[in-house]
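Examination of the molecular architecture
The lines below spell out each chain.
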Amino acid sequence: MSRRHAQDDTAHPPRSRPGTTGHHHRERTGTEPVTARSALRLRLVLSVIGLLVLLLGTALFALWAGTVTQRDVPDPTQLTVLSVICGILALFAAVDFVVVALRLVRER
């Protein structure tokens, strides 16, 4: 081991944090407080609103796709694609809702 590495080891003693044994962590460089927390209630409200809007979009695009013909603009294929996209995004919003709800329960 070189002399330079020996000095580096003594200049920065390892930080002891629970659950981080064996992992190297970088020193904080930002201005965010150490005790910063996510606005979980706001995320919960936004995920509920997003979930409701996307579920409504899924249903409306699917119903609209069933009432138009191939000659109409937009055609049923385009509306079906929009419905599927809304459904996939609704799934992401539902997963976010579950994650945020579990974190809120864990905080209490």
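It should be noted that the structure appears before, not after, this text.
Residues numbered from 1 in each chain as written. Predicted model: local features only at pLDDT ≥ 70, side-chain atom pairs only at ≥ 80, totals over all residues. Heavy atoms only, no water.

1. A few points about the pattern of salt bridges
We count it as follows: Salt-bridge detection follows one rule: a side-chain nitrogen of Lys or Arg within 4 Å of a carboxyl oxygen of Asp or Glu. Segments assigned H or I by DSSP are reported as helices when at least four residues long, segments assigned E as strands when at least two residues long, and all are numbered from the N terminus. Classification of residues uses two cut-offs on accessible area relative to the type maximum, computed with a 1.4 Å probe and protein chains only: under 20% is buried, over 50% is exposed, and between them is partly exposed.
Applying the stated rule across the entire model yields one salt bridge. The shortest N-O distance in the salt bridge between Asp96 and Arg43 comes to 2.6 Å. In this pair, Asp96 sits in helix α3 (residues 76–107) while Arg43 sits in helix α2 (residues 40–67), placing the two residues 53 residues apart along the sequence. For Asp96, a relative accessible area of 25% gives the class partly exposed.

2. Things to note about the packing of aromatic side chains
Rules: Two aromatic rings from Phe, Tyr or Trp, using only the six-membered ring of Trp, form a pair when their centres are within 6.5 Å; if the ring planes differ by under 30 degrees the pair is stacked, by over 60 it is edge-to-face, and anything between is tilted.
The tally for this structure, following the rule as stated, stands at one aromatic pair. An angle of 15 degrees between the planes, with centres 6.4 Å apart, marks the rings of Phe61 and Trp64 as stacked. Placement of both Phe61 and Trp64 in helix α2 is noted, with a separation of three residues, approximately one turn of the helix. Classification of Trp64 as partly exposed rests on a relative accessible area of 40%.

3. Details of the nonpolar core
Nonpolar side chains tend toward joint burial in soluble globular proteins. Rules: Residues belong to a common nonpolar core when they are buried Ala, Val, Leu, Ile, Met, Phe, Trp, Tyr or Cys residues joined through side-chain atoms within 4.5 Å. Here, residues are in contact when the closest pair of their heavy atoms is within 4.5 Å.
Judged by nonpolar contacts, Leu51, Leu54, Cys86, Ala90 and Ala93 together constitute the single largest core of five residues. At the level of elements, α2 and α3 are the ones that each hand at least two residues to this core. Once residues lying within four places of it in the same chain are set aside, the contact partners of Leu51 are Ala90, Ala93 and Ala94.

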